[in-house]
Amino acid sequence: STFALEMKEMDKKPFSVEAIRADFPILQTEVYGKPLVYFDNGATSQKPQVVIDAIEQYYSKENANIHRGVHYLSQKGTDAYEKARKTIQTYINAAHEHEIIFTKGTTDGINLVASCFGELIHEGDEIIISAIEHHSNIVPWQMLCERKKAVLKVIPVLESGELDQEAYRALLNEKTKLVSCTHISNSLGTINPVKEMIQQAHAVGAKFLVDGAQSIQHLSIDVQDLDCDFFAFSSHKVFGPTGAGALYGKEDILNAIPPYQGGGDMIAKVTFEKTTYNELPFKFEAGTPHIIGGIATGIALEYLSSLDLEGLQAYEHELLTYAEEQLKVIEGLRFIGTAKEKASVCSFFIDGLHPFDVGTLLDKQGIAVRTGHHCTQPIMDFYKIPGTIRASFAFYNTKVEIDQFIKALKRSVDMLR
Ligand code: PMP
């Protein structure tokens, strides 16, 4: 009940970064003899001990295949896997457990929708994406449009890195069948107003997929409140393992579209004449899955749920403001992405310096950032730059680390100039 949830919230200790850091063993690592400052959380997040322990425990004591076996370990594994599905359902507030499909990650989830929902797309239909999408939310739609002779439309971006909402509304029409848009831009940090965008898409009868790769680790997600039709995320960006993730889809849509891959587990009955498909969610889960990947996704989300999420989000915002204040003073530095609503991502370009050179010098000083186009080439072309230097923060980062980063950045710039 809501009351029980509120009581649980009140039990949580206020957010403390010192306590959190102890949960992530890799944060004690040194690189080149220097303490690791890990600011590449947009690419992948680090793992808390509970996730690492679950993986170790599974392979050393519990490994078995699931959903088929009558024996003890197979049933234990099945229970743990299905419990993880329930955890994901609760975490994103889906109405039903069977609306959660285990995937390999965001890319896999988007491709599933492009393939299966794609079967309902016909010549002349329109699909809308945005100018700030990750390649994994561009290419599957290009492939689909080519296959179905459908038309791909792109919501333009403003200089700030915000989407041009007026242009979006003008693109929507009765031919629009699907809008697929990122919740948070991985290269700019822009938080898109997806809830309003979804309402507007629904008004013309279009479905909406939210790419949640960068939002599930920063925002509280409620798929029923958003009213999105699909929501895709990767476990590895939310403190779980790589090769795992989930796709949420509304029950009626998942029932209306054909399965993705054929194979074991996704069938009800197979004969050479005809095969009938399994019910949701198994219809979309052919073959032996990444069992511990699914289980550990649940563990990672349980870990997050045990934290003071509001405190954590406020702290991440504080890190962003602190970093931006200090970066401002660096000569020739230009922020790429200055949206009003931003996640803890600092993307920037320094006049006359190639991001790769800066990144390489930062690395030698123990600072892990990402440089390049971040799999969002069109947006780099928009800003007419080869790429950016991106520092993306998680709640286990600190202001002391930001100080180290700024010091190292100043040294790198001096060396290159
Ligand atoms: N969308 C966005 C916004 C992303 O940041 C990423 C990962 N960088 C993806 C999709 C793809 O995620 P994955 O590689 O985990 O499938």
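Residues numbered from 1 in each chain as written. Predicted model: local features only at pLDDT ≥ 70, side-chain atom pairs only at ≥ 80, totals over all residues. Heavy atoms only, no water.

A. Region of interest: the pairing of strand β6 (residues 151–155). Note: strand β5 (residues 126–130) against β6, five bridges, orientation parallel. Residue pairing in the sheet places Ile129 in a bridge with Val154 of β6. Crossover connection from β5 via helix α6 (residues 139–148) to parallel β6: handedness right-handed. (Pairing = 2+ DSSP bridges. Helix = DSSP H or I, 4+ residues; strand = E, 2+ residues; numbered from the N terminus. Right-handed = clockwise from strand over helix to strand, strands pointing away.)

B. Layout of the nonpolar core. Among the nonpolar cores identified, the biggest contains 95 residues, and Phe208, Leu304, Phe395, Phe405 and Leu409 are the most heavily contacted of them. If you tally residues by element for this core, the top one is helix α11 (residues 291–305), at eight residues. Residues contacting Phe208, with those up to four places away along its chain left out, are Tyr168, Leu178, Val179, Cys181, Val194, Met197, Ile198, Ala201, Cys228, Asp229 and Phe230. Membership of the second largest hydrophobic core comes to 25 residues, among which are Cys116, Ile127, Ile138 and Ile253. (Core = buried A, V, L, I, M, F, W, Y, C linked by side-chain atoms within 4.5 Å. Buried < 20%, exposed > 50% of the residue type's maximum accessible area, 1.4 Å probe, protein only. Contact = heavy atoms within 4.5 Å.)

C. Region of interest: the pairing of strand β10 (residues 245–249). With five of five residues buried, β10 is to be regarded as a mostly interior element. On β10, burial covers both faces: Gly245, Leu247 and Gly249 on one face and Ala246 and Tyr248 on the other are all buried. Of the strand pairs in this sheet, strand β4 (residues 100–103) and β10 are connected by four bridges, and their pairing is antiparallel. Note on β10: the bridge partner recorded for Ile101 is Leu247.

D. How the structure looks around the sheet that holds strand β13 (residues 333–335). With antiparallel pairing, the four strands of this open sheet are ordered in space as β13-β14-β17-β16. Looking at which strands have only one partner, the edges of the open sheet turn out to be β13 and β16 (370–372). Looking at each pair of strands side by side, their axes are set apart by 30 degrees on average, direction ignored. In terms of strand pairing, β13 meets strand β14 (residues 345–350) through three bridges, oriented antiparallel. Bridge pairing in β14 places Phe335 opposite Phe348. (Axes fitted to C-alpha atoms, helices over the stretch in contact; angles between N-to-C directions.)

E. A look at the sheet that holds strand β9 (residues 230–234). Spatially, β4-β10-β9-β8-β7-β5-β6 is the arrangement adopted by the seven strands of the open sheet, whose pairing is mixed. The open sheet has two free edges, formed respectively by β4 and β6, since each of these has just one partner strand. Going from strand to strand, the sheet's axes swing by 20 degrees on average, the running direction of each strand aside. Judged from the three bridges that link them, β5 and strand β7 (residues 176–182) form a sheet pairing that is parallel. Along β7, the bridge assignment pairs Ile127 with Leu178. Its contacts with the sheet place helix α4 (residues 72–92) against β4, β9 and β10, and it is angled at close to 115 degrees to β4. Running over the sheet, helix α8 (residues 194–203) touches β6, β7 and β8 (207–211) and is turned about 160 degrees from β8.

F. A look at the packing of helix α3 (residues 49–62) against α11. As a packed pair, α3 and α11 sit with axes 9 Å apart at the nearest point and diverge in direction by 150 degrees. As summarised for this structure, α3 and α11 are arranged roughly antiparallel, according to the angle between their axes. Crossing of α3 over α11 shows right-handed handedness. Each of Val50, Val51, Ala54, Ile55, Tyr58 and Tyr59 in α3 lies in contact with α11, whose residues at this interface are Ile291, Ile292, Ile295, Ala296, Ile299, Ala300 and Tyr303. (Parallel < 35°, antiparallel > 145°, perpendicular 65-115°, else oblique. Left-handed = near helix turned anticlockwise from the far one by under 90°.)

What is shown is where atoms sit, not what they do.
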